[in-house]
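Topology and contacts: notes
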Amino acid sequence: GFPILADPLSGLRGVPHDHALIVDSYDAFLRDAAWVERYAPDLVLRIGAMPVAKPLLLYLQRHGSAHQIVIDGDGGWNEPTLLAAELLHADARLLCEALLPALGTAAPRTSEWARSWQAAQRATRAAIDAHMRAIDGLFEGKVFAELRELLPEGALLYAGNSMPIRDLDTFFAGGERAVRLLGNRGANGIDGVVSSALGAAAAGQGPTVLAIGDLSFYHDSNGLLATKLHQIDATIVLLNNDGGGIFSFLPQAADPEHFEALFGTPTGLD
Ligand SMILES: Cc1ncc(C[n+]2csc(CCOP(=O)(O)OP(=O)(O)O)c2C)c(N)n1
């Protein structure tokens with residue numbers, strides 16, 4: 001078998017199934033340059049939308065000579081990196097079912113290479129879990145680690161763009177309780193997220209939680225009217241760091257004169 005790198009929006013993370021080959025902590029360990037150098041792929045099958053994790057994108061760029069096949073079931077051209085050798089317009093499920101006979105009936109062998117991904121996965125999750133337990137104060141990433149513990153079977157967790165979807169990627173581990181993870185990627189806008197999440201809540205069955213940054217929430221606060229119009233019951237976890245926290249990771253954060261006015265854009269709303 002081969003490692004399956006499960007994007008948070010792939011539908012593979014929150015659902016109970018055989019997790020042996022699922023890797024969901026690559027966003028953390030693909031930041032390690034030595035690991036990236038050492039574990040080059042020969043073949044990459046990329047199914048669906050662009051992955052959320054930038055370290056994965058950088059890993060694929062570093063090994064751009066690997067044969068990458070992108071499978072896009074929507075008939076689009078979801079490949080802005082121009083790294084794919086081939087783009088297949090095919091339904092992912094039908095394609096996988098058609099490939100199955102080619103694998104034969106013998107029990108799949110797990111290569112040394114795949115075992116290295118499994119070992120990195122286990123070590124990374126253990127390190128993140130230990131680190132989360134050691135944190136006492138407020139930390140945005142811990143919200144997602146705690147939601148993993150708190151959300152009941154059948155819940156829907158909707159993550160806003162900017163840092164929430166990235167923190168979900170890093171800190172929301174796969175597990176046995178089925179939780180549906182959704183987000184609004186597309187052009188990764190911070191607009192319309194409240195409306196989209198409430199729309200998903202209206203259409204879904206289980207409890208819905210939206211985890212969203214303060215600017216995104218403010219941007220689409222009019223969308224809250226939907227709760228009244230459609231009697232929607234949803235919980236909003238507001239990650240209020242007063243402005244765009246994501247920009248603190250950019251080099252311009254070091255410029256004290258213009259950073260807050262041009263990038264952080266704090267609103268001071270409570
Ligand atoms: C419609 C739209 N306008 C502007 C941006 C640029 N942008 C990306 S992240 C971000 C800040 C978002 O802040 P917040 O929702 O509070 O999340 P945080 O960065 O604190 O996680 C902005 C303005 C965007 N992605 N979409």
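Residues numbered from 1 in each chain as written. Predicted model: local features only at pLDDT ≥ 70, side-chain atom pairs only at ≥ 80, totals over all residues. Heavy atoms only, no water.

1. A few points about the pattern of salt bridges
Applying the stated criterion to the full structure yields 8 salt bridges. In this structure, glutamate 79 engages arginine 46 in a salt bridge whose closest nitrogen and oxygen atoms are separated by 3.4 Å. Pair noted here: glutamate 79 is in the loop between strand E4 (67-71) and strand E5 (86-88) and arginine 46 is in strand E3 (residues 43-47), with a separation of 33 residues, a long-range link. Comparing glutamate 79 with arginine 46 shows no difference in burial state: the two are buried. Across the salt bridge formed by lysine 142 and glutamate 146, the nearest N and O atoms sit 4.0 Å from each other. Remark: glutamate 146 and lysine 142 occur in helix H6 (residues 140-150); sequence separation between them is 4 residues, near one turn of the helix. Look at glutamate 146 and you get partly exposed, because its relative accessible area is 39%. (Salt bridge = Lys/Arg side-chain N within 4 Å of Asp/Glu carboxyl O. Helix = DSSP H or I, 4+ residues; strand = E, 2+ residues; numbered from the N terminus. Buried < 20%, exposed > 50% of the residue type's maximum accessible area, 1.4 Å probe, protein only.)

2. Observations regarding the packing of aromatic side chains
This model, assessed by the stated rule, comprises 9 aromatic pairs. A ring pair is formed by tyrosine 59 and tryptophan 117, whose centres lie 5.7 Å apart and whose planes are at 80°; its orientation type is edge-to-face. Note that tyrosine 59 is positioned in helix H3 (residues 54-62) and tryptophan 117 in helix H5 (residues 112-134), a separation of 58 residues in sequence. With centroids separated by 5.4 Å and ring planes inclined at 90°, the aromatic side chains of phenylalanine 139 and phenylalanine 171 adopt a geometry described as edge-to-face. (Phe/Tyr/Trp six-rings, centres within 6.5 Å; stacked < 30°, edge-to-face > 60°.)

3. Focus: the UniProt feature "domain: Thiamine pyrophosphate enzyme TPP-binding" (unreviewed entry) in the protein
Residues given the UniProt feature "domain: Thiamine pyrophosphate enzyme TPP-binding" (unreviewed entry) here are residues 194-247. With 39% helix and 22% strand, residues 194-247 has end C-alpha atoms that lie 21 Å from one another. (UniProt positions renumbered as here; feature names shortened; annotations may be inferred.)

4. Things to note about the site of the ligand
Within the structure, the ligand sits among 17 residues, and Ser162, Leu215, Ser216, Asn241 and Gly245 are positioned closest to it. One nitrogen or oxygen atom from the side chain of serine 162 is found 2.6 Å from an oxygen atom belonging to the ligand. Separating an oxygen atom of the ligand from a backbone N or O atom of glycine 243 is a distance of 3.1 Å. Considering the ligand on its own, with 590 Å² of exposed area, one finds that the protein chains cover 75% of that surface. Secondary-structure elements contributing two or more residues to the shell around the ligand are helix H7 (163-171) and helix H9 (214-219). If you tally residues by element for the shell around the ligand, the top one is H9, at 3 residues. By residue class, the composition of the shell around the ligand is 6 nonpolar, 9 polar and 2 charged. (Near = heavy atom within 4 Å. Polar contact = N/O pair within 3.5 Å; in protein donor to acceptor, adjacent residues only side chain to side chain. Areas by Shrake-Rupley, 256 points an atom, 1.4 Å probe, with all protein chains shown as cover. Nonpolar A, V, L, I, M, F, W, Y, C, P; charged D, E, K, R; others polar.)

5. Focus: the domain arrangement of the protein
Taken domain by domain, the protein holds domain 1 (4-121) and domain 2 (135-264). Inter-centroid distance (C-alpha atoms) of domain 1 to domain 2 is 25 Å. Each partner contributes to the interface: domain 1 provides 14 residues, whereas domain 2 provides 18 residues. Taking both sides of the interface into account, the surface hidden between domain 1 and domain 2 amounts to around 1,200 Å²; carbon and sulfur atoms contribute 54%. The largest per-residue losses of area from domain 1 upon contact with domain 2 belong to Leu9, Arg13 and Val52, which jointly make up 41% of the total buried on that side. Summed over the shared surface of domain 1 and domain 2, the result is 1 salt bridge. Note that aspartate 169 is salt-bridged to arginine 13, the shortest N-O span being 2.6 Å. Here domain 1 is connected to domain 2 by 4 residue pairs in polar contact (both at pLDDT 80 or more). Taken together, the residues that form the side of domain 1 that touches domain 2 break down as 8 nonpolar, 2 polar and 4 charged. (Domains from an automatic or database assignment. Contact = heavy atoms within 4.5 Å. Buried area = accessible area lost by both parts, 1.4 Å probe.)

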